[in-house]
Amino acid sequence: MPNIQNMANAIRFLAIDAILNAGEGHQGVPLGMAEIAATLYANHLKADPKAPKWHDRDRVVLSNGHGSMLLYSLLHLSGYLHMDLNAMQAFRKLGSVTAGHPEIEQHAGIEITTGLLGQGIACAIGMAVAEERLAAQFGSDLVDHRTWAFVGDGCLQEGIGQEAISLAGHLKLGKLTFLWDDNRITDDGDTALSISEDIPARFLAAGWHVQSIDGHDIAAIDLAIAAAKADDRPSLIACRTLIARGIPRLEGQRGGHSAPLTHQDRSDAAQALGWLYSAFEIPTEIYSDWTSAMARGVNAHTAWKLRHARGAQRDEYDRWMSGAFPDNWEEIQYQILSDMAANHDPHPTILASGDVVDALATHLPETLVLCADLEAPTNHKRSRKAFTPDNRAGSYVHCGVREHAMGAMCDGIAAHGGVRPINVTYLAFADYERPAMRMAALMKLPVPFIFSHDSIGVGSNGPTHQPVEVLASFRAMPNIYVYRPADAIETAELWFEALSSASTPLVFALSRQAAHRVRSDVGSQRAARGAYVLSEPDGPRDVTLIATGTEVALAVQAAENLRATGIHAAVVSMPCWELFDQQSPDAQAKVLGTAPRIAIEAAMEFGWGKWLRRKDAFIGMTGFGASARSEVLYDHFGITVQAIVDKAKLLLS
Ligand SMILES: Cc1ncc(C[n+]2csc(CCOP(=O)(O)OP(=O)(O)O)c2C)c(N)n1
Ligand SMILES: [Mg+2]
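Not measured: the values here are computed from a predicted model. Residue positions within a chain follow its written sequence, with the count starting from 1. Chain labels run from A onward and ligand labels from 1 onward, assigned in the order the entries are written. At least 70 in pLDDT is required for a residue's local features to be given in this predicted model, at least 80 for side-chain atom pairs to be given and counted, and no such filter applies to totals for whole chains, interfaces and linings, which use all residues. Hydrogens and water molecules were not included; the side-chain quantities draw on all heavy atoms of the structure.

This paragraph deals with empty space enclosed by the protein. Over the atoms, a rolled probe matching the size of one water molecule traces out where space is still vacant. Here a cavity is any set of points on a 1 Å grid over the protein atoms alone where a 1.4 Å probe fits but cannot get out, and a pocket is any open set with protein on both sides within 12 Å along at least 5 of 7 lines; a residue lines the site when it has an atom within 4 Å of a point. Grid points are joined across faces, edges and corners, and a volume is the space filled by probe spheres set on the points. For the structure shown, the criterion picks out two cavities of 30 Å³ or more. In this structure, the largest cavity spans a volume of roughly 110 Å³. Forming the walls of the largest cavity are 14 residues, and the residues nearest its centre are Ala47, Asp58, Tyr80, Gly109 and Glu111. Following the grouping adopted for this structure description, the nonpolar residues are Ala, Val, Leu, Ile, Met, Phe, Trp, Tyr, Cys and Pro, the charged ones are Asp, Glu, Lys and Arg, and the polar ones are all others, Gly among them. Grouping the constituent residues of the lining of the largest cavity by class yields nine nonpolar, one polar and four charged.

Below you can see the structure in the form of structure tokens.
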């Protein structure tokens, strides 16, 4: 039997030594949660440290990411190759795998990036959803793992925490367990400064299985974890702990969180806990205990490999897990595009996206749509069945009005792998899930974020629902692509581009109002170039009209009107700046031309200086929108064919 108390103390001293070595860090979590973590690893966790990306491993999320040394110590002690002693000594140093807060490195055992309190637990819920969906598809022989999240007081104070608790309870995600570090201390000190409710009661009210224990009592932790596993509800284990336990000066104190450690603290702790070893020294017996504890996971992996090898659904399982497309993917894309092209009627681009996603329900059954209570206006459910406690094979999650948790769940699903999440709501509500989108960009998770109601074209719902600054704000975010397609063909082309993305999340800004068809050709994938010449005039260009989304149709009409007056206007459709950025300077120059340019986009001008020169012009919004019908608003704000024609004449005069 492993000595779990020694295993826990090894976590403590690795954390103290790494933090002393780095000169800073957060000791509160690793010292306070050492027994909880050691018991989980010793007696329950299913993981094979030599195969960190084994698909059927339990997922461990450190939602209180500031306590990163807890995770790094666990990964080191349990034998993850990339978490050797050098990595412990490089804690917080440039380029090390042991960054200040955990950053997704699954080959090293770090499942996701955490550090924004609350994000991690919502990601964990996404992981638990992915597990249930995969198990329903492929059976428990191939898919049967748990999700464990270490949770701090801060995670449970954040609004996203409550969204996550509520939805996980509703979905009855029984293989999910939160281990709450109930130390009653946050950065400011006693939690009584800012919170007075009964937190376990919130979980109970949401349908969770709830236990409260002494978080330093190994036998109690062990029993509680066993009970959590046996219960079919998601479980909270409220572990009453002493922050920074082991360092007499800081135990239970505000400074336990992250006050600078001293060598005196280390020797006091060593004396208090009977730790006789030098910095970064772990006795062989303790390493052996960790290694023998991990044998459970290693053996489970070996047995899994045998089941996988003879599994009837192995090929399809491998396809889902690798993110590969079906063999006839080219034909499927061609068919979807042809169906789009056959219909010339104006069509809202959100419905065009819905058309694509409906086709994907059969061709890419690994897609899972998450929508925040806007099923009818976004129309991405259609033939999909709801994912519920009774139907884990469903491919549509009714997330309710919980955008932030929904965004983080998509991150968790993408990080889990095997299932492709699709996030659906309105563009004006993107700000409610922006932290999750930023994390997707930072983690390089290729999540499509589908947004309808992308401009004043929303109409009389008014300015609250009319995003004017959101496009610019996402164009400013690194590693996220903003797509604003002009019509159904561009929407489909960008969908195929999005699905081939391996490391970039995508923002689809789609229209509620009908978008006129500007394209009828199939197979050119022109939108994937980011910007392209939609129509070139007969003679040399006098002016270049550059537009995005529904404003491309206005530019097309304006170019025709200008032709009647003898002015040669080219029209450039520019659905994605980031894709256009990747074109060669030559290709860009050919598209943009040397003639005066007018950009047209029903949004703020911010950022357009990238494509416009000093004497060029912009037609768009200069402030928030208003409440009226869409056509009235386009007139009112001067985003019209006539305004483009007038501006072109002015530029050329
Ligand atoms: C969204 C977010 N807000 C604020 C912070 C800054 N922060 C990091 S840890 C912390 C206190 C968290 O308290 P708790 O979760 O109880 O951690 P403990 O002090 O117990 O380690 C704060 C405010 C953060 N990382 N993320
Ligand atoms: Mg705390």
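Turning to the coordination of the magnesium ion (ligand 2), a few remarks are in order. Reference geometry at the metal: tetrahedral coordination by four donors gives ideal angles of 109.5 degrees; octahedral coordination by six donors gives 90 or 180 degrees. Each metal site is built from N, O and S donor atoms within 2.8 Å (3.2 Å for Na, K and Ca), and since water is not included, such sites may look incomplete. For the magnesium ion (ligand 2), the full set of protein donor atoms is Asp153 (OD), Asn183 (OD1) and Ile185 (O), and the range of their distances to it is 2.0 to 2.2 Å. Taken in chain order, the donor set of the magnesium ion (ligand 2) reads D-x29-N-x1-I. Separated by 32 residues along the polypeptide, Asp153 in helix α7 (residues 153–157) and Ile185 in strand β4 (residues 185–186) bring together distant segments of the chain. A residue is classified by how much of its surface remains accessible, and Ile185, at 11% relative accessible area, is buried. Each helix corresponds to a stretch of at least 4 residues labelled H or I by DSSP, and each strand to a stretch of at least 2 residues labelled E; elements are numbered beginning at the N terminus. Burial status follows relative accessibility: with a 1.4 Å probe on protein chains alone, a residue under 20% of its type maximum counts as buried, one over 50% as exposed, and anything between as partly exposed.

Strands are treated as partners if at least two bridges between them are detected by DSSP. Taken in spatial order, the five strands of this open sheet run β16-β18-β17-β19-β20, and their pairing is mixed. Edge positions in the sheet fall to β16 (532–535) and β20 (617–621), since each of these pairs with one other strand and no more. Recorded for the sheet is a direction-independent mean angle of 30° between the axes of neighbouring strands. Pairing of strand β17 (residues 543–547) with strand β18 (residues 569–573), which is carried by five bridges, proceeds in the parallel orientation. To get an axis, fit a line to the C-alpha atoms, keeping to the stretch in contact for a helix; angles then go from 0 to 180 degrees between the N-to-C directions.

As a volume, the largest pocket reaches approximately 790 Å³. Taken together, 32 residues make up the lining of the largest pocket; nearest its centre are Ala414, Gly417, Leu445, Pro446 and Ala502. For the lining of the largest pocket, the residue count by class is 17 nonpolar, eleven polar and four charged. As a volume, the second largest pocket reaches approximately 370 Å³. Looking at the second largest pocket, it is lined by 19 residues, and the ones nearest its centre are Ala514, His516, Thr550, Ala553 and Leu554. Breaking the lining of the second largest pocket down by element, the ones donating at least two residues are β15 (514–515), α21 (551–564) and α24 (630–636). Sort the elements by how many residues they give to the lining of the second largest pocket and α21 lands first, with five residues. Partitioning the lining of the second largest pocket into residue classes produces nine nonpolar, six polar and four charged.

In this section: the site of ligand 1. Near ligand 1 there are 15 residues, and of these His66, Gly115, Gly154, Asn183 and His257 occur at the shortest range. Polar contact criterion, stated in full: a pair of N or O atoms within 3.5 Å, where within protein one must be able to donate a hydrogen and the other to accept it, and residues adjacent in sequence count only if both atoms are side-chain atoms. Between an oxygen atom of ligand 1 and a side-chain N or O atom of Asp153, the distance comes to 3.0 Å. Measuring from an oxygen atom of ligand 1, one finds a backbone N or O atom of Ile185 at 2.9 Å. Protein chains bury 75% of the 590 Å² of accessible surface belonging to ligand 1 in isolation. Elements with a minimum of two residues in the shell around ligand 1: α7 and β4. Residues are counted as near a molecule or strand when any one of their heavy atoms sits within 4 Å of it. All accessibility values rest on the Shrake-Rupley procedure with a 1.4 Å probe; residue burial counts only the protein chains present in the view.

Before going further, it helps to spend a moment on the packing of aromatic side chains. For any pair of aromatic rings, the description rests on two quantities: the centre-to-centre distance and the angle between the ring planes. In summary, the pairing rule links any two rings of Phe, Tyr or Trp, Trp by its six-membered ring, whose centres are within 6.5 Å, and it sorts them by plane angle into stacked for under 30 degrees, edge-to-face for over 60 and tilted for everything else. Considering all chains together, one arrives at 20 aromatic pairs under this definition. Ring centres of Tyr41 and Trp290 lie 6.1 Å apart, and the angle between their planes is 65°; this geometry places the pair in the edge-to-face category. With Tyr41 in helix α3 (residues 34–43) and Trp290 in helix α12 (residues 284–309), this pair connects stretches of sequence that are 249 residues apart. Assigned by exposure class, Tyr41 and Trp290 land together as buried. One aromatic cluster is present, formed by Trp54, Phe138, Trp304, Tyr317 and Trp320 through successive ring pairs. The positively charged end of Arg475 is found above the aromatic ring belonging to Trp577, 3.9 Å away from the centroid. The rule is short: NZ of Lys or CZ of Arg within 6 Å of the ring centre and within 35 degrees of the ring normal puts a charge over the ring.

The next subject is the side chain of Asp265. Among the secondary structure elements, Asp265 is positioned in helix α11 (residues 263–273). Here Asp265 falls in the buried class, since its relative accessible area comes to 3%. Within polar-contact distance, the side chain of Asp265 engages the side chain of Arg249 at 2.7 Å. In this description, contact between two residues means that some pair of their heavy atoms is separated by no more than 4.5 Å. Once residues lying within four places of it in the same chain are set aside, the contact partners of Asp265 are Ile247, Arg249, Leu250 and Pro260.

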